[in-house]
Amino acid sequence: MYTKLWLDYVTDDNGCIVSFDGDLSDNKLIDNAVNELRSCNCLKDLNIVLGFTDDSSLGDEGYRISTSVMGYKIEAYKDTGLIYGAFRFISLYRLSEDKTISVTEVPVNKLRMLNHWDNMDGSIERGYSGNSFFFVNNDLVINERTKDYARILCSLGYNGVVINNVNVKGEACNLINEKFIYKVKELEELFYSYGVKLYLCLNYAAPIEDPDVGSADPLDEKVIKWWEDKFDYIYSIIPRLGGFLVKADSEGRPGPFTYGRTQAEGANLLARAIAPHHGIIIWRCFVYNCQQDWRDLKTDRACAAYDYFHDLDGQFDDNVILQIKNGPMDFQIREPVTPLFGKMPKTNQMIEFQIAQEYTGQQRHVCYLIPWFKEVLGFETYAENAGKNGSKVVDVVSGKTFGYKYSGMCAVTNTGNDENWTGHDLAAANLYGFGRLSFDPSLSSEEIANEWIGLTYGNDEKVRENILKILMMSWPAYEKYSAPLGIGWMVCPAEHYGPDPDGYEYSRWGTYHKATHDTVGLERNSTGTGYSMQYNEPNASMYENVDTTPDELLLFFHKVPYDHVLKSGKTVIQHIYDTHFEGAEDVETMARLWDELNGMIDHNAFKRVFERFEHQLWHSKEWRDVINSYFYRKTLIEDEKGRELY
Ligand code: GCW
């Protein structure tokens, strides 16, 4: 294996003395914590004591690390905290110059999860780093890589993983049947021993296939009994299973709407059946009409989640969590924040991001997404009655604003069975970063990047500086050379890769930019689809008005002429030309910064990223020229700077 990323440090037993101050009666978490420390080369000859403290403010997962002349002490209130603390200690020790470590850290978010879109045949929906390492040929596989993965998750602060695709199909339906349940149990035990809870996706329509039931109507007694029996069975074998993630009434999948019921009735069906076992139901809000007629000027996909869920506030059981995508559409390079955040005080919510780079370069382009996620989390929702608790998205999803029982952050993962886990070596910064960010959202994008660079490439200053620059330039660069000003979907429909400005324009997906020869964008204020009115004030008024809408979202909210002047002082058309030229130039800069590292880092690691840049250099120019030509041909407006347009 050529790289294990930040786990590289793990080598052989080396004589570091780790003592556990307490009763070790068969506790796998503590065993694993001790083993990690003992087998870590960089801790050679250190004296480390692990122990419990009665300081309950550390909660289940927090820890305190301190340094004295005797050595190091890692304390926690619970065993889960000890293993998080052990991993964190290794990172901090490796990053620290003077080796004095003194931290107390408690995770901000209760749930910090990854969602796999892995299918049982081994493929991964929107996977860009090889095939699944959970599933091969319709079988569930548990091996060394699975263990390394559990270690990675724990070392980054994740505490939950959903291993199968939300689009549950084929054999995946059997994960909760006799055929696979004992293997799922084995997997649960492995993850549990690293502090990570296992979750599964389920097929809401499953009872339809049972000839004795033939329905999935949430109010049908037979359906209710079917799920009760099913959860009784599952939990009799895997009592610690975290629960289930559900995609219903979405993209062709049946759900409560099929039976004229609400989303709350659908979610509560499962929540009530699972409640005696203390499981949770994570219910996705990605519900919209994906059979839209592009001629229909009234329907707006952006409005859908709010329209279907907002009025149900208070109707969901307390073991339901709504999982809501960061934006109202679908993981575009730029979208406004979904207006449901801050508007449902009585309903648990968690936010869903995507580190699988479906629309952001598919792990062939470098695109460090943490700065984007930070912007989303920092968005002020102006939730009513939030008071001192705060009402930014980060406050809402961490449960602070409304005192949610369950809440947190999850991301669609970017991992696969490629040797480096994430396809592009630099995409590992997103896997690392999302774990750290969900543990502590106050960390800056630069802090997270610096940690990752140090742990992955060592502490050389030039290496750190160049990679940091590349990472921090990468998301803005991608935005510049792809779809402009928040408009989204100028991408090839087949794979969601590469430019195709009209690719979605006459499709059924509700994702239109409506560019004509004199205007571009959609009117989503009160004179248009009304989407802007879903926000609390003053956001609603800000988006209502062209003059107060931020430039980067202008075309998401408004239809404007190409000579409309942005706050930057440029016209829309000139902004499009300029950013597209700039974006492609930024890629040249990033590639040059990488080239400078030739000879300074492992050659193979250097070469892998070098090759990805070769592609990105070409492909960013393709984006630039296709998008610029598209608008040039529509408008016949020349570039002010006289650059070539085709
Ligand atoms: O972005 C879309 C993807 C689908 C995905 C869906 C979802 C798993 O293109 O591949 O299906 O979102 O989030 O459910």
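Note that the structure is predicted; figures quoted are calculated from it, not measured. (Residues numbered from 1 in each chain as written. Predicted model: local features only at pLDDT ≥ 70, side-chain atom pairs only at ≥ 80, totals over all residues. Heavy atoms only, no water.)

Even after reading the chapter, I still don't get the side chain of E188, so can you show me in this structure?
Following the sequence through the fold, E188 ends up in helix α4 (residues 178-192). Look at E188 and you get buried, because its relative accessible area is 4%. With residues up to four places along the chain from it excluded, the contact list for E188 reads L198, I238 and R240. (Helix = DSSP H or I, 4+ residues; strand = E, 2+ residues; numbered from the N terminus. Buried < 20%, exposed > 50% of the residue type's maximum accessible area, 1.4 Å probe, protein only. Contact = heavy atoms within 4.5 Å.)

Would you take a moment to explain the domain arrangement of the protein for this structure?
Frequently, the measure chosen for interface size is the accessible area removed from exposure when the parts meet. With domains assigned, the protein is organised as domain 1 (8-105), domain 2 (111-442) and domain 3 (481-522 + 559-635). Each of domain 2 and domain 3 has a C-alpha centre, and the two are 29 Å apart. Residue-level contacts link 29 residues of domain 2 with 31 residues of domain 3. Each partner contributes to the roughly 2,500 Å² buried at the junction of domain 2 and domain 3, and carbon and sulfur atoms together form 55% of this total. Looking only at domain 2, the three residues that lose the most surface to domain 3 are W294, R364 and H365, adding up to 26% of its buried area. Here D425 makes a salt bridge to R608, at a shortest N to O gap of 2.8 Å. Summed over the shared surface of domain 2 and domain 3, the result is 16 residue pairs in polar contact (both at pLDDT 80 or more). Taken together, the residues of the side of domain 2 that touches domain 3 sort by class into 9 nonpolar, 11 polar and 9 charged. (Domains from an automatic or database assignment. Buried area = accessible area lost by both parts, 1.4 Å probe. Salt bridge = Lys/Arg side-chain N within 4 Å of Asp/Glu carboxyl O. Polar contact = N/O pair within 3.5 Å; in protein donor to acceptor, adjacent residues only side chain to side chain. Nonpolar A, V, L, I, M, F, W, Y, C, P; charged D, E, K, R; others polar.)

Hey, could you run me through the packing of aromatic side chains in this one?
Overall, the coordinates contain 45 aromatic pairs when judged by the stated rule. Ring plane angle 90 degrees and centroid distance 5.9 Å describe the contact between Y72 and Y93, whose orientation is recorded as edge-to-face. Here Y72, found in strand β4 (residues 71-76), pairs with Y93, found in helix α2 (residues 79-95); they are 21 residues apart in sequence, far enough to count as distant. Members of the aromatic cluster, connected to one another through ring pairs, are F133, F134, F135, Y149, F191 and W421. A cation over a ring is seen here: R240 above Y192, with NZ or CZ 3.6 Å from the ring centre. (Phe/Tyr/Trp six-rings, centres within 6.5 Å; stacked < 30°, edge-to-face > 60°. Lys NZ or Arg CZ within 6 Å of the ring centre and 35° of its normal.)

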